[in-house]
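# Tertiary structure, described
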Amino acid sequence: MIYLKEPRPEGTAAVAGDEPLLINTPGSWAGRPAATTRVPNLFLAAGYVRNSINLATMEGGNEAGRMAANAVLDAAGSSAARARLFELYVPREFRLLHDTDDARYLLGLPNGFDLFSPYWPGR
């Protein structure tokens, strides 16, 4: 993951966006923690926790919170109802785009939507 500071020309000095913008980078999934840890009483619930949303957003944070809550209930041996977990909805119409992108990646080609890349002259 990388953090970027974006200049915020709009607003006044009293209204500024100094918070970093989080962008997942290729391969960052392996470095993201799960909601459960090796420490028996430590559970994580945040946008960076691995879940089906796969992006540091409020939705991802909420999903991670539900995962952590379920893990706490499991660790406590509780019989209480578990929080419902969700899978990110991806329309099936996107499957062709995903498959094409995967094929281009395996061939060493850039994403078809990349309009400009300094690594691919002439594009």
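Use the structure listed above.
Given the structure is predicted, the values throughout are model-derived calculations rather than measurements.

## With respect to a nonpolar patch on the surface
A surface patch of nonpolar side chains, amounting to about 490 Å² of accessible area, comprises Leu-88, Val-90, Phe-94, Leu-97 and Phe-113. Position of Leu-88 relative to the elements: it lies in the loop between helix 1 (58–76) and helix 2 (95–106). According to the relative accessible area criterion, Leu-88 is partly exposed, its value standing at 45%.

## Structural notes on the side chain of Asn-51
As for its position among the elements, Asn-51 is in the loop between strand 2 (21–23) and helix 1. Note on Asn-51: relative accessible area 5%, which makes it buried. A distance of 2.8 Å separates a polar side-chain atom of Asn-51 from the backbone nitrogen of Ile-53. Not counting residues up to four positions away in its chain, the partners in contact with Asn-51 are Trp-29, Gly-60, Glu-63, Ala-64 and Met-67.

## Quick notes on helix 1
For helix 1, built from 19 residues, the straight-helix expectation of 27 Å at 1.5 Å per residue is met to within 8% by its first-to-last C-alpha distance of 27 Å. Within the span of helix 1, buried status applies to Gly-60, Glu-63, Ala-64, Ala-68, Asn-70 and Ala-71. The arc that holds every buried residue of helix 1, seen down its axis, measures 160°, which confines them to one face. Along helix 1, exposed side chains directed more than 90 degrees from the buried face belong to Met-58, Glu-59 and Ala-76. In the segment just after helix 1, Gly-77 is the residue with positive phi, at about 70°.

## A closer look at the environment of Ala-64
As for its placement among the helices and strands, Ala-64 is situated in helix 1. Sequence spacing of Ala-64 and Ile-53 is eleven residues, and the spatial spacing of their C-alpha atoms is 9.3 Å. Among all residues touching Ala-64, those that are not within four sequence positions of it are Ala-35, Leu-44, Ala-45, Ala-46, Val-49 and Asn-51.

## Things to note about the pattern of salt bridges
Going through the model one piece at a time under the given rule, you end up with three salt bridges. We note a salt bridge from Glu-63 to Arg-66, for which the minimum N-O separation is 2.5 Å. One end of the pair is Glu-63 and the other is Arg-66, both in helix 1 and three residues apart, which spans about a single turn. Glu-63 sits in the buried class, given a relative accessible area of 3%. With relative accessibility at 24%, the residue Arg-66 sits in the partly exposed group. Among the salt bridges present, the one from Asp-99 reaches Arg-95, with a minimum N-O distance of 3.2 Å. With Asp-99 and Arg-95 both in helix 2 and four residues apart, the pair spans about one turn of that helix. Owing to a relative accessible area of 45%, Arg-95 belongs among the partly exposed residues under this scheme.

Rules used throughout
- Residues numbered from 1 in each chain as written.
- Predicted model: local features only at pLDDT ≥ 70, side-chain atom pairs only at ≥ 80, totals over all residues.
- Heavy atoms only, no water.
- Patch = residues over 30% accessible without salt bridge, like charges linked within 9 Å, V, L, I, M, F, W, Y side chains within 5 Å.
- Areas by Shrake-Rupley, 256 points an atom, 1.4 Å probe, with all protein chains shown as cover.
- Salt bridge = Lys/Arg side-chain N within 4 Å of Asp/Glu carboxyl O.
- Helix = DSSP H or I, 4+ residues; strand = E, 2+ residues; numbered from the N terminus.
- Buried < 20%, exposed > 50% of the residue type's maximum accessible area, 1.4 Å probe, protein only.
- Polar contact = N/O pair within 3.5 Å; in protein donor to acceptor, adjacent residues only side chain to side chain.
- Contact = heavy atoms within 4.5 Å.
- Expected span 1.5 Å × (residues − 1).
- Arc of directions from axis to C-beta.

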